[in-house]
Amino acid sequence: MPVANDAPGADIEGTDADAETGDLPINELFQSLQGEGRLAGVPSVFVRTSGCNLRCWFCDSYHTSWEPTHDWFTVDDVLAAIEEYDADHVVLTGGEPLIHDSSADLLERLADRGYHTTVETNGTVVPDAPIDLASVSPKLASSTPTADRDPDGDGEWADRHEERRLDVPTLAELVETYDTQLKFVVTGREDMAEIECLVERLRDATSARVDDDDVLLMPEGQTRDQLEATRETVADLALEFGYRYTPRLHVDLWNDEPGT
Ligand SMILES: C[S@@+](CC[C@H](N)C(=O)[O-])C[C@H]1O[C@@H](n2cnc3c(N)ncnc32)[C@H](O)[C@@H]1O
Ligand SMILES: Nc1nc2[nH]cc(C(=O)O)c2c(=O)[nH]1
Ligand code: SF4
Ligand SMILES: [Mg+2]
C-alpha cells in the first residue's frame, strides 16, 4: 500500500505535528520478505514512516527523506493495517522511524501483541521502547550529500548531515539496550577504514559485546544494475575483514519496485 499524498506544510523532519497529535506519517505499509540483515528471508510487515534527520545522497527511500510524502495514521490505524496480514514479524523503518515519538507507542503495542519487531534506524536516536532487533545503519562519510552527488540541490544538506550522522555515545546506548546488528552501506574499499575505526571506538565506549558477526556489510545500490557493480566487491571485503555480508534480497527479487 504505497501512500503518495503530499502533505505540504508538514514539518520536513516529521517531529512537530506528530508530537502534538500522536499520529504517525506513513509513507507505505506492505508485506514482503525481510531483504537485509540477520533475518533476511523472513516474511514481515513493513511500516515505513516519513521524515528523516539525515539526507544520504543514495537514499533508496527518497520520498521519506529528500521529498517526504505520507498520510497521517493513528497508532490504532497502523495496528489494524498490520493485523490484516498473517505475519509474526514487523519491521519499522523510514525515513528515520525513531524521530517520531509515536513510534515508541507503536512498538509497545506490537510487543504486547506478541510481534517480533525489527527497527531499521540510522543510530542517531535512542527510543524508550521495546525492540527485538535494532538494525542500526550508522552513516559513513561516503553517504554525505556533497554538491557533486546531491540528488536534490547543490549540497545544502551536506553540513547538517555531516554533523548528525555519527554519535558514538548514542550507538553505545543502542548496543547496550538492544540486540543489535550494525549494518553498514558500503560503496567501496574506501569505506573500510572508517568502519574499522568506528567499530573500535564503539567497543571502547561500551562493555556490551560487539562481535565481528554483528557487523554487516551491505552493498550500496538501489537497483539490480547498481548492485551488480558493488555486491562482489563488498562480499570480498566481508571475507577479507572477517565481517558478515548481507544481501539486498528485495532488490535482487523485485528491483526498486515500491512496496517490496
Ligand atoms: C531507507 S533506510 C531507513 C532506516 C534508517 N533511516 C536507516 O538509514 O537505517 C533503510 C535501510 O536502507 C539502507 N539503504 C538506503 N539506501 C541504500 C542504498 N542506496 N544502498 C544500500 N542500502 C541502502 C539504509 O542504510 C538502511 O539500512
Ligand atoms: N524487503 C525489504 N526488506 C527491507 N529491509 C529493510 C528495508 C528498509 O527499507 O528499511 C527493507 C525494504 O524496503 N524491503
Ligand atoms: S538515514 Fe536512512 S532514510 Fe535517512 S536519508 Fe539516510 S538512508 Fe534515507
Ligand atoms: Mg528499503
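Residues numbered from 1 in each chain as written. Chains lettered and ligands numbered in written order. Predicted model: local features only at pLDDT ≥ 70, side-chain atom pairs only at ≥ 80, totals over all residues. Heavy atoms only, no water.

*Asks:* Summarise the packing of helix H5 (residues 168-177) against helix H6 (residues 192-205); cite the residues concerned and give the values.
*Replies:* The N-to-C vectors of H5 and H6 enclose an angle of 65°; their axes lie 9 Å apart at closest approach. In terms of their interaxial angle, H5 and H6 are classed as roughly perpendicular. Pair H5 / H6 crosses with right-handed handedness. Two secondary-structure elements touch here, H5 through Val168, Leu171, Ala172, Val175 and Glu176 and H6 through Leu198, Arg201, Leu202 and Ala205. Broken down by class, the residue content of the contact of H5 with H6 amounts to 7 nonpolar, no polar and 2 charged. (Axes fitted to C-alpha atoms, helices over the stretch in contact; angles between N-to-C directions. Helix = DSSP H or I, 4+ residues; strand = E, 2+ residues; numbered from the N terminus. Parallel < 35°, antiparallel > 145°, perpendicular 65-115°, else oblique. Left-handed = near helix turned anticlockwise from the far one by under 90°. Contact = heavy atoms within 4.5 Å. Nonpolar A, V, L, I, M, F, W, Y, C, P; charged D, E, K, R; others polar.)

*Asks:* Describe helix H2 (residues 75-83), and please don't skip the residues or the numbers.
*Replies:* For H2, the set of buried residues is Val75, Val78, Leu79, Ala81 and Ile82. Considered in projection along H2, the buried side chains sweep an arc of 160° and stay on one side of the axis. Tucked into the core, H2 has its buried residues touching strand E1 (24-33), strand E2 (43-49), strand E3 (71-73), strand E4 (89-93) and helix H3 (102-112). (Buried < 20%, exposed > 50% of the residue type's maximum accessible area, 1.4 Å probe, protein only. Arc of directions from axis to C-beta.)

*Asks:* I'd love a proper account of unusual backbone geometry, names of residues and values included.
*Replies:* Here the amide bond leading from Gly94 into Gly95 is cis, since omega sits at 15°, within 30 degrees of zero. The residue Gly95 is located in the loop between E4 and H3 in this model.

*Asks:* Give me the site of ligand 1: which residues, what numbers.
*Replies:* If you check the shell around ligand 1, you find 22 residues, and the closest are Phe58, Gly95, Ser137, Lys139 and Glu220. Contacts to ligand 1 include Gly95, whose backbone N or O atom sits 2.9 Å from a nitrogen atom. The side chain of Glu220 places a nitrogen or oxygen atom 2.9 Å from a nitrogen atom of ligand 1. Burial of ligand 1 by the protein amounts to 95% of the accessible area it has alone, namely 540 Å². Looking at side-chain class alone, the shell around ligand 1 contains 5 nonpolar, 9 polar and 8 charged residues. (Near = heavy atom within 4 Å. Polar contact = N/O pair within 3.5 Å; in protein donor to acceptor, adjacent residues only side chain to side chain. Areas by Shrake-Rupley, 256 points an atom, 1.4 Å probe, with all protein chains shown as cover.)

*Asks:* For the sheet that holds strand E8 (residues 215-219), give the residues involved together with the corresponding values.
*Replies:* Pairing in this open sheet of 9 strands is mixed, and the strands run E3-E1-E2-E4-E5-E6-E7-E8-E9 from one edge to the other. Of all the strands in the sheet, just E3 and strand E9 (244-245) have a single pairing partner and so form its edges. Here E2 runs beside E4; their pairing, made up of 5 bridges, is parallel. Counted as the bridge partner of Phe46 is Val91 from E4. Along the sheet face, H2 touches E1, E2, E3 and E4 and points at about 15° away from the line of E1. (Pairing = 2+ DSSP bridges.)

Worth remembering: the numbers are spatial, not functional.
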